[in-house]
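Summary of the model geometry
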Amino acid sequence: MKMQNAKLKTTYLKDYQLPDFAIHSIDLHVELNEDKTIVHSLLHVERRLPQQTTPLVLHGEGLKLLSLRLDEKPLAQTEYEQTLQSLTIKSVPHSFQLEIVTEILPQKNTSLSGLYRSGKLFCTQCEAEGFRRITYYLDRPDVMSLFTTTIVADKAKYPILLSNGNKIEAGELSENRHYVKWQDPFKKPSYLFALVAGDLVKISDNYQTQSGRNVALEIYVEAQNKDKTDYAMQALKHAMLWDEKAYGREYDLDVYMIVAVNDFNMGAMENKGLNIFNSKYVLASEKTATDVDFQNVEAVIGHEYFHNWTGNRITCRDWFQLSLKEGLTVFREQQFSASMGSPTVKRITDARIIRTRQFAEDAGPMAHPVRPESYIEINNFYTSTVYNKGAEVIRMLHTLFGQAGFRKGMDLYFERFDGQAVTIEDFVKALADANGTDLNQFFRWYNQAGTPLVNVKEAYDAKLKQFKLTLTQQCPKTPDNLSKEPFIMPIKVALYDEKGTKIALECKSNLHKTSEGSFLIVDKETNEFIFENVPIKPVPSLLGNFSAPVKLSYPYTEAELVLLMLSDEDLFNRWDASQRLGTKAIKSLMKDHLADKSLVVPTTLIEAYRELLQQDIPEPALLAQLITIPSFHYVAENLEIIEVDALITARKTLVEVFAQSLEEELAKVYQACQEQDDGSLKNTSMSHRALKNTCLYYLVKAGAKWLKLAQAQYEKARNMTDKMGALSAINHSTSTLRQTLFDDFYKTYQKEDLVVNKWLALQACADLPNVLENINKLLKHEGFDIANPNKVYSLINTFAMSNPERFHDDEGKGYEFIALRVIELNARNPQVAARLLEGLTQWKRLDATHSALMKNALIKIESSGDLSEDVFEIVTKSLK
Ligand code: B3K
Ligand code: ZN
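Not measured: the values here are computed from a predicted model.

Some remarks on the overall build of the chain
For the chain, the count of helices and strands is 26 helices and 33 strands. Here the C-alpha radius of gyration of the chain, 28 Å, is about what a compact globule of 880 residues would show, namely 29 Å. Burial analysis of the chain (880 residues in total) assigns 60% to the buried set. Sequence separation of at least 24 residues holds for 70% of the intrachain contacts in the chain that already meet a minimum separation of 6. When the accessible surface of the chain is totalled, it reaches about 34300 Å², and 50% of it is carbon and sulfur.

Structural notes on unusual backbone geometry
With an omega dihedral of -5°, the bond running from Glu-127 to Ala-128 counts as a cis peptide bond. You can see Ala-128 is positioned in the loop between β11 (121-125) and β12 (146-154). For Asp-71, which is not glycine, the phi dihedral falls at a positive 45°. Along the chain, Asp-71 turns up in the loop between β5 (64-70) and β6 (73-74). Judged by relative accessible area, which is 34%, Asp-71 ranks as partly exposed. Here the phi dihedral of Asp-596 falls at roughly 60°; this positive angle occurs in a residue that is not glycine.

What about the sheet that holds strand β15 (residues 177-183)?
Across a sheet, strands are paired by hydrogen bonds formed along the backbone, either parallel or antiparallel in direction. With respect to topology, eight strands assemble into an open sheet ordered β6-β5-β9-β3-β2-β12-β15-β14, the strand pairing being mixed. Bordering the open sheet on either side are β6 and β14 (166-172), each of which pairs with just one other strand. Here strand β2 (residues 21-32) runs beside strand β3 (residues 37-47); their pairing, made up of eleven bridges, is antiparallel. If you follow Ile-23 over to β3, its bridge partner there is Val-45.

Examining the packing of aromatic side chains
The final tally for this structure, using the stated rule, is 39 aromatic pairs. Measuring from ring centre to ring centre gives 5.9 Å for Phe-131 and Phe-147, while their planes differ by 75°; the resulting arrangement is edge-to-face. With Phe-131 in the loop between β11 and β12 and Phe-147 in strand β12, this residue pair connects regions lying 16 residues apart in the sequence. For the pair Phe-131 and Phe-147, a shared accessibility class is recorded, and that class is buried. Aromatic pair Tyr-413 and Phe-417: ring centres 5.8 Å apart, planes at 55°, arrangement tilted.

Focus on the site of ligand 1
Around ligand 1 sit 14 residues, and of these Glu-127, Glu-270, Glu-304, Asn-379 and Tyr-387 come closest. Within the side chain of His-303, a nitrogen or oxygen atom sits 3.1 Å from an oxygen atom of ligand 1. His-307 is positioned such that a nitrogen or oxygen atom in its side chain is 3.2 Å from an oxygen atom of ligand 1. For ligand 1, the accessible surface in isolation is 330 Å², of which the surrounding protein chains cover 94%.

Section: the pairing of β3
Counted along the chain from β2 to the antiparallel partner β3, the turn is four residues long. Bridging between β3 and strand β9 (residues 95-104) involves ten bridges; their strand directions are antiparallel. The residue of β9 that forms the bridge with Ser-41 is Ile-100.

Thoughts on the environment of Asp-27
Position of Asp-27 among the secondary structure elements: in strand β2. For Asp-27, a relative accessible area of 32% translates into the label partly exposed. C-alpha of Asp-27 to C-alpha of Leu-42: the two residues are 15 residues apart in sequence and 5.0 Å apart in space. Every residue in contact with Asp-27, bar those within four places of it in the chain, is listed here: His-40, Ser-41, Leu-42 and Thr-148.

Focus: the packing of helix α20 (residues 771-778) against helix α23 (residues 813-828)
It is at 11 Å that the axes of α20 and α23 come closest, and there the two elements cross at 20°. Judged by the inter-axis angle, α20 sits roughly parallel to α23. Seen along the crossing, α20 lies across α23 with a hand that is left-handed. Where α20 abuts α23, its residues Leu-772, Ile-775 and Asn-776 lie against Lys-813, Gly-814, Phe-817 and Arg-821. In terms of residue class, the contact of α20 with α23 is made up of three nonpolar, two polar and two charged.

Description of the nonpolar core
Ranked by internal contacts, the top residues of the largest apolar core, which has 297 residues, are Tyr-413, Phe-427 and Phe-531. Here this core takes 14 residues from helix α5 (residues 384-417), the largest share from any one element. Ignoring anything within four residues of it in the chain, the contact list for Phe-531 reads Lys-465, Gln-466, Phe-467, Leu-469, Val-493, Leu-495, Leu-505, Glu-506, Cys-507, Leu-511 and Leu-520.

A closer look at the sheet that holds β11
Spatially, β10-β11-β16-β13 is the arrangement adopted by the four strands of the open sheet, whose pairing is antiparallel. Each having just a single partner strand, β10 (114-118) and β13 (160-163) make up the two edges of the open sheet. Taken pair by pair, the neighbouring strands of this sheet meet at an average axis angle of 15°, ignoring direction. As paired elements, β10 and β11 share five bridges and run antiparallel to each other.

Here we look at helix α14 (residues 663-676)
Here α14 contains 14 residues, and its C-alpha end-to-end distance of 20 Å stays within 8% of the 20 Å for a straight helix at 1.5 Å per residue. For α14, the secondary structure elements touched by its buried residues are α10 (603-614), α13 (644-661), α15 (683-702) and α16 (707-716).

Focus on the packing of helix α1 (residues 230-247) against α5
Closest axis-to-axis distance for the α1/α5 pair is 10 Å, and the angle between their directions is 105°. Between α1 and α5, the crossing angle belongs to the class labelled roughly perpendicular. Across from Lys-245, Ala-246 and Tyr-247 in α1, the residues of α5 making contact are Gln-403, Phe-406, Arg-407, Met-410 and Asp-411. For the contact of α1 with α5, the class distribution of residues is four nonpolar, one polar and three charged.

Structural notes on the pairing of strand β31 (residues 526-531)
What you see with β31 is a clean split: Asn-527, Phe-529 and Phe-531 sit on the buried side and Thr-526, Glu-528 and Ile-530 on the side with no burial. The pairing of strand β26 (residues 466-474) with β31 spans six bridges and is antiparallel. Note on β31: the bridge partner recorded for Lys-468 is Ile-530.

Some points on the side chain of Glu-873
With respect to the helices, strands and loops of the structure, Glu-873 is situated in helix α26 (residues 869-879). With relative accessibility at 0%, the residue Glu-873 sits in the buried group. Apart from residues no more than four positions distant in its own chain, Glu-873 is found in contact with Tyr-375, Ile-376, Glu-377, Asn-380 and Phe-381.

Parameters at a glance
Residues numbered from 1 in each chain as written. Chains lettered and ligands numbered in written order. Predicted model: local features only at pLDDT ≥ 70, side-chain atom pairs only at ≥ 80, totals over all residues. Heavy atoms only, no water. Helix = DSSP H or I, 4+ residues; strand = E, 2+ residues; numbered from the N terminus. Rg over C-alpha atoms; globule rule 2.2 N^0.38 Å. Buried < 20%, exposed > 50% of the residue type's maximum accessible area, 1.4 Å probe, protein only. Contact = heavy atoms within 4.5 Å. Areas by Shrake-Rupley, 256 points an atom, 1.4 Å probe, with all protein chains shown as cover. Pairing = 2+ DSSP bridges. Phe/Tyr/Trp six-rings, centres within 6.5 Å; stacked < 30°, edge-to-face > 60°. Near = heavy atom within 4 Å. Polar contact = N/O pair within 3.5 Å; in protein donor to acceptor, adjacent residues only side chain to side chain. Axes fitted to C-alpha atoms, helices over the stretch in contact; angles between N-to-C directions. Parallel < 35°, antiparallel > 145°, perpendicular 65-115°, else oblique. Left-handed = near helix turned anticlockwise from the far one by under 90°. Nonpolar A, V, L, I, M, F, W, Y, C, P; charged D, E, K, R; others polar. Core = buried A, V, L, I, M, F, W, Y, C linked by side-chain atoms within 4.5 Å. Expected span 1.5 Å × (residues − 1).

Here is the structure:
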């Protein structure tokens, strides 16, 4: 780990320089032992510019250098210099061979970056800068090299030895050891290197590509999990086919391997030919995984697969360009998931991520553009801005160019840059060139941080039958302090009459009509659009399908929102209307609460929901979304100052009144869904289960008599979705049944680690008064382990991010609890520690009491001693 007393350096995009050296090939020889690992590395290096005489500076961290030879001659100690983070060879020829032998201790590597142990396995995680923890190297993405890797290990303990590319040799050695040699025919940056050694079972399948090549598909898991890989394997085949159909891209090696490991900092890693996955995103059976888990497995399998073209074959020049691969790959993953399931529900899920997490990031101390300008620790920039907003930016390009134009641009991008490490400018220029346009203004989406606010004013002239929309955009200040230029953005639009019938659009200025609908092209601080022949004052549906990652305000009346919620053709905007309605109601209840008035939910709102529940909705899962009251975080992003107690009370009141007033309708819908659900993994069955479990949640809120229904569902559940649905519904109840079911659940699933994590997460988000006490007990429970990131995220992060009532405890106990965990994890695993900080970064936006308490928690961390760069960067930026 890089500690605070080592130099804390900020890296700037503007300082980027091409590397002085190219590494043509690297021959690695890794000897795995129980106590230490010896890494031999043979590099073929060449100076890029012959006239230069600069020294060779390699990255390296936590390495013990055993020997160093240049063109076969050992180097004297005076010829090189070592620091905590580098190895400098003062004088090198134009082209040479360098042999480096280092010793590392994977058994002691608790940061899960570089080579480390997960249970009985050896595995690696090299992105972003983990390779330098394995050997000295030019560990930067623009140095691409041919890798040959020989792994040597005990044959009985590690029968499976894997690395990137093709297996080219294997054999026995003395002392019960064996070796396997791998060669990757594609040049790659070091962050895509991978190695796995262990006792794993292999599940095999194969895939024939569009050009007729056969690809072996292999998933490696611990023996007890071999019955949980079917879904992942099918998802992989679906993803391979989809990328051929949608982008004409086929897989390029003869084998595609996926390994599931239990200890992993993030979701998965796209290492060339050898993906390493957090087991949470591979292992799934109906007994252990919910429908949402299955969908996540499919999405992450797709995501890592799609990286093969967007990330691996064309990679990033430097880490500032991270969204070049991540934004684009998230977008491709979203398209894939939409094609496999419900496009509307997928869009809602993605918009929620933007509106809760990404908007919060934009409004907080870590705000950064999709292409950041500087960082202290790059791992802190694997953010929802880079990933999710990055995907939204690509989606806008897709909207502006249409499917065909976008595809043309992608084809040109692949043609121009295959095999290279490039920039976001390169990508955007390929799209612009292919469509004969320039995207200079559009590029602001990549270098201006913050969420644009689009304010819409209307004016209707009954005589002229004209309807005018005036859109004004403004982007709030972010810590970089830049003044913002107007963005260009497509705002999807439709007009409805009072019965919900669409009015034809006649508009002279800047209306972009496509097969996906009509879009207002907004590109100035103020844009005006005049619609002609509008018979009556219409209700506009704006920002349909969430066509731009902005906050849009329009002076809707409650009646107009109800109309849109019940009849907008843009299904996404039905949901949007429901959330606007819910948010409006919560805000007005908050006002009353702050003025000490009694809280009354308007009956008109409840009646609208009643109508919704009686309506024939296109998809049950969409109805589930429509009746979901906006979350704490969702509403918080619509508030200037987050009055925590008022928000929690107002929201609770709305949920309770909703549940009690609509009990009968909810029960009916529950029953109907139950009858329609055949228990299978078909989309329609999943959709019915989603609605059924949403109804159950409200029913239990409506009154204790519904506990029995939850219990019956729990007992009869045919799958994990229904089990968890029942348990979630009962989770906030004070009845003794709650504990009985939680105990039963643990007893039933204690051997299934991923299921135990669900049990931890549910308890962490219960809004019961003793939850923190319970969490503290769970920290010592056999089902918890501070060394395992999944468990930390389940128990600790869930508390911080999904239990607003207890996290924002009035005495600051929730904040303090998180601060203590950050301090505890800082040295052990800085990346995980940094991720726990998300909830604490928002203190400036909270009411005075909570703000002061949260700030104290941050100060406590700041003064706790040696901070990792990861934690240091977030804490100091937050306190600034
Ligand atoms: N590229 C990896 C993320 C690596 C994170 C390093 N801190 C997974 C993904 O986005 O596919
Ligand atoms: Zn990715």
